[in-house]
Every structure is written in C-alpha cells, then in structure tokens.
Amino acid sequence: MANRKRVLITGAAGFLGSHLCDRFIKEDYHVIGMDNLITGDLRNIEGLFKLENFEFYHHDISKFVYVPGELHYILHFASPASPIDYLKIPIQTLKVGSLGTHNLLGLARVKKARMLIASTSEVYGDPSVNPQPEEYWGNVNPVGPRGVYDEAKRFQEAITMAYHTFHGLETRIARIFNTYGPRMRLNDGRVLPAFIGQALRGEPLTMFGDGSQTRSFCYVEDLIEGIYRLLFSDYAQPINIGNPDEITIREFGEEVIKLTGTDQKLVGAPLPINDPKQRRPDITKAREILGWEPRVSRAEGLKITYEYFKSLPETEILHKDFTYYNKK
Ligand code: UDP
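Computed from a prediction, not measured in an experiment: that's the story for all the values here. Numbering of residues starts from 1 in each chain and follows the order in which that chain's sequence is written. Since the coordinates come from a predicted model, pLDDT governs what is reported: local features require at least 70, and pairs of side-chain atoms require 80 or more to be given and counted, while whole-chain, interface and lining totals use all residues. No hydrogens and no water enter the side-chain calculation; it runs on all heavy atoms of the structure.

Asks: I'd like a description of the layout of surface pockets, backed by residues and values.
Replies: As a volume, the second largest pocket reaches approximately 580 Å³. Site definitions follow a grid-based scheme: protein atoms alone, a 1 Å grid, a 1.4 Å probe that fits but cannot get out for cavities, and for pockets an open set with protein on both sides within 12 Å along at least five of seven lines, plus lining residues having an atom within 4 Å of a point. Taken together, 27 residues make up the lining of the second largest pocket; nearest its centre are Pro83, Gly189, Arg190, Phe208 and Asp275. Note on conventions: DSSP H or I runs of at least 4 residues are helices, E runs of at least 2 residues are strands, and numbering of each starts at the N terminus. Those elements that provide at least two residues to the lining of the second largest pocket are helix H2 (83–88), helix H5 (191–201) and strand E8 (205–208). A total of 5 residues in the lining of the second largest pocket trace back to one element, the largest contributor, which is H5. Under the grouping applied here, Gly and all other residues not named as nonpolar or charged are polar, the nonpolar ones being Ala, Val, Leu, Ile, Met, Phe, Trp, Tyr, Cys and Pro and the charged ones Asp, Glu, Lys and Arg. In terms of residue class, the lining of the second largest pocket is made up of 16 nonpolar, 6 polar and 5 charged. Grid points are joined across faces, edges and corners, and a volume is the space filled by probe spheres set on the points.

What follows is the structure, encoded as structure tokens:
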C-alpha cells in the first residue's frame, strides 16, 4: 500500500487528535501520530498500534520536528485546551501554539504538505457580538489567565496566514468551538466532564457565577466531519466549526441532572477571571463553503458521552484532582 497518502496528526493521543486518527485510518491514509503525552493518553489510540498504516512518535513539537518520507497533510491538534490546563502549564501552552506551529509550518514547506491548524473560539475572547462571525476580531485580555492560550492561538493563525501569503503554503484554519464526546478527560475541569463526574460521584454540580453565561456544545463526530471537509476544501480563511445550539450553563447543569438522575443540585462557585459571558458560532460560512452543519443533538451526544464516562474504571471516576490522572 505504498501509495497511501500520508498525514501527520499532532496531539494524536488527545481527545480530538485521536478521533482524527481514527477517521483518517478509516479513509485508508497512512497516519503518523505525534504527541508529547502531557495531556494526551495513549489509551485513546491503543487500538491503532497494531495497524501497518499507523505509526507514533512520542515527541514535543515545540522542539525541531522531522518525519522521514513523504507528507501530504499536517493536522496540528497539539495543545492543552482547558482553562485548568492553561493555569497549570501556561508556558507549554504558549510554546506549542507558537514555536510548535512554526516548526510544523517549516516541515509543511519542506514536504509541500497542506497544513490545517486547530484554532479556537477563544480567539474571540469574551465576545461583544453574538453569535460570533469569522469577521469579528475579538476581545482578548493578553495578560489574563486565558491569555496564554488565546494569544498563542491568535499568533498561530497569524503565522499560518503569513506562510500562506508569503510562502504560498496551502493552509486551513478551523476555529473550533466547545466540543465534547468520548475520550474527553473526565478531570480536565471543563464544564461537561466536571458536571458528569460530579453527578457520578454523588456530589453537587459546581456552577460558576450565576450560570447565565452561555456555551454551544458540538458533538465530536460532527466536529471531525467539519475538519475533514475543511481540509479538502480550497478555503484558506478561518472558518468556525461548532454547534450553534446555545444554552446557559445553569440550563446545561439542569440537563445533566436530568440525564444522570442524580439527586444532587447545582451549587454556586466563583466565576473564573475573564470567563466569556456568551459563545455561539455563526456557521454560515461552514454551511455555504463546506456544506456542513452539526447533525447530533445535545440530547443524543450527551447520552453517548455519559455512557462513556460511566464505563471508565471506578478509580478514575473517583479521582477528583483536576490534574493529569494518567501522569501521576
Ligand atoms: N463551568 C462551571 N462549572 C465547572 C466548570 C466550568 O460552571 O465546574 C463554567 C465556566 O465558568 C464556563 C463554562 O462552564 O462559563 C464552560 O467552561 P469550560 O471550562 O468547559 O470551557 P470554556 O468554554 O470556558 O473554555
């Protein structure tokens, strides 16, 4: 099968990276996964190691990156992606989005590969327009706790666009909104695993602030389809990929209580600094250019994700520390 197209996926052992590996294996690509395993977990890609069209490099892409042989596509999905992670590893978060992206762009040039980067709704910061269209420039505090992620991702977009315009590199920029599904880390501190974990342990659900802030949750399968279509489109400008079904965090907590059947209630907890008050993607461009829109409802996606979390070993469910459970 020497003529399989070869794709490098960074963050391969992470939530989105591992689902992308699965998708490209399914489409009969040769997949080269790369991860430094700080927040990734090899269990997410365990099943792929036996395949002849999968290989894995344990590597930190903020250092020089090289992969022998041809490379047709690079999907850059390496980065911590939860507010708890940015607080714990702020420098790595900055480095992977900046130095890591630069290294991969260099590799893409050498290999004449097309590169897609995972950007984020965080480039919009705490947005003053809702929903957020791609033309909105954002409202980011560079020195706040989220600044290390937001600014790394903004730099990532800027350098990717510069390689596109200056070097003529083929690039794609996905602005990913809140995404959930199996393989999320139960203890990554994000609201969905936090609420489900609390329900499973019989604890109150910690609602930050008054719960009036909104988010719009996209099921992972939909997200992966959007990324796949974007990679093979000819659109080099940033494009929002997310589910526009917006909900307040309070209502979301109520949904989790109903779904899990827990007798626990929502309890108030302090609102983190610079926590965006509203977030909802305007997906007009994705609809028109990629012919894409989400298909999985929150009710369906939440049920699948709840079953996944329930199936984890009890020690993991009980382990509450918001840290890298697979590292300690
Ligand atoms: N949140 C919450 N309880 C938690 C964790 C998060 O109420 O235990 C809130 C958080 O303040 C934010 C929203 O849920 O308004 C989504 O937070 P998350 O960390 O999942 O991601 P974000 O979208 O802020 O990056």
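Resuming the write-up.
Asks: If you had to explain unusual backbone geometry to someone new, which residues and values would you point to?
Replies: Among all residues except glycine, the phi angle is most often negative; among peptide bonds, the trans geometry is most common. Residue Asn130 is joined to Pro131 through a cis peptide bond whose omega torsion reads -5°. Looking at the secondary structure, you find Pro131 in the loop between strand E5 (114–120) and helix H4 (147–167). In the Ramachandran plot, Arg183 falls in the positive-phi region, its phi being about 85° despite a non-glycine side chain. Take Arg183: it is sitting in the loop between strand E7 (179–180) and H5. In this model, Asn274 sits at a positive phi of 60°, which is unusual for a non-glycine residue.

Asks: Explain the sheet that holds strand E3 (residues 54–58) residue by residue, including any values.
Replies: We treat two strands as partners when DSSP finds at least two bridges between them. With parallel pairing, the 7 strands of this open sheet are ordered in space as E3-E2-E1-E4-E5-E6-E11. With one partner strand each, in any of the chains shown, E3 and strand E11 (238–241) form the two edges of the open sheet. Going across the sheet, the axis of each strand differs from the next one's by a mean of 20°, ignoring polarity. The criterion used for residue contact is that any of the two residues' heavy atoms lie within 4.5 Å. Only C-alpha atoms enter the line fits that serve as axes; for helices the fit covers just the stretch in contact. Angles between N-to-C directions range over 0 to 180 degrees. Along the sheet, helix H1 (residues 15–26) contacts strand E1 (6–10), strand E2 (30–35), E3, strand E4 (73–76) and strand E6 (171–176); its crossing angle with E1, the most-contacted strand, is approximately 165°. Each of E1, E4, E5 and E6 is contacted by helix H3 (residues 90–111), which is oriented at about 175° to E4, the strand it contacts most.

Asks: Can you tell me about the site of the ligand, naming the residues and giving the values?
Replies: Near the ligand you find 18 residues, and of these Thr206, Phe208, Arg215, Asp275 and Arg279 are the closest. Polar contacts, as used here, are pairs of N or O atoms within 3.5 Å; protein pairs need one atom able to donate a hydrogen and one able to accept it. Residues neighboring in sequence count only if both atoms are side-chain atoms. Within the contact set of the ligand, an oxygen atom lies 2.8 Å away from a backbone nitrogen or oxygen of Val191. The side chain of Gln213 places a nitrogen or oxygen atom 3.0 Å from an oxygen atom of the ligand. In this description, accessible areas are obtained by the Shrake-Rupley approach with a 1.4 Å probe, and a residue is regarded as covered only by the protein chains that are shown. Protein chains shield 97% of the accessible area of the ligand, which is 520 Å² for the free molecule. Proximity criterion: a residue is near a molecule or strand once any of its heavy atoms comes within 4 Å of it.

Asks: Any details on the packing of H5 against helix H7 (residues 249–260)? Residues and values, ideally.
Replies: At a minimum axis distance of 10 Å, the contact between H5 and H7 shows a crossing angle of 40°. Judged by the angle between their axes, H5 and H7 are oblique. As H5 packs across H7, the resulting crossing turns out to be right-handed. In contact with Val191, Leu192, Phe195, Ile196 and Ala199 of H5, H7 contributes Ile249, Phe252, Gly253, Val256 and Thr260. Working definition: roughly parallel below 35 degrees, roughly antiparallel above 145 degrees, roughly perpendicular at 65 to 115 degrees, and oblique for all remaining angles. Crossings are classed by handedness, with left-handed meaning an anticlockwise turn of the near helix from the far one by less than a right angle and right-handed meaning a clockwise turn.

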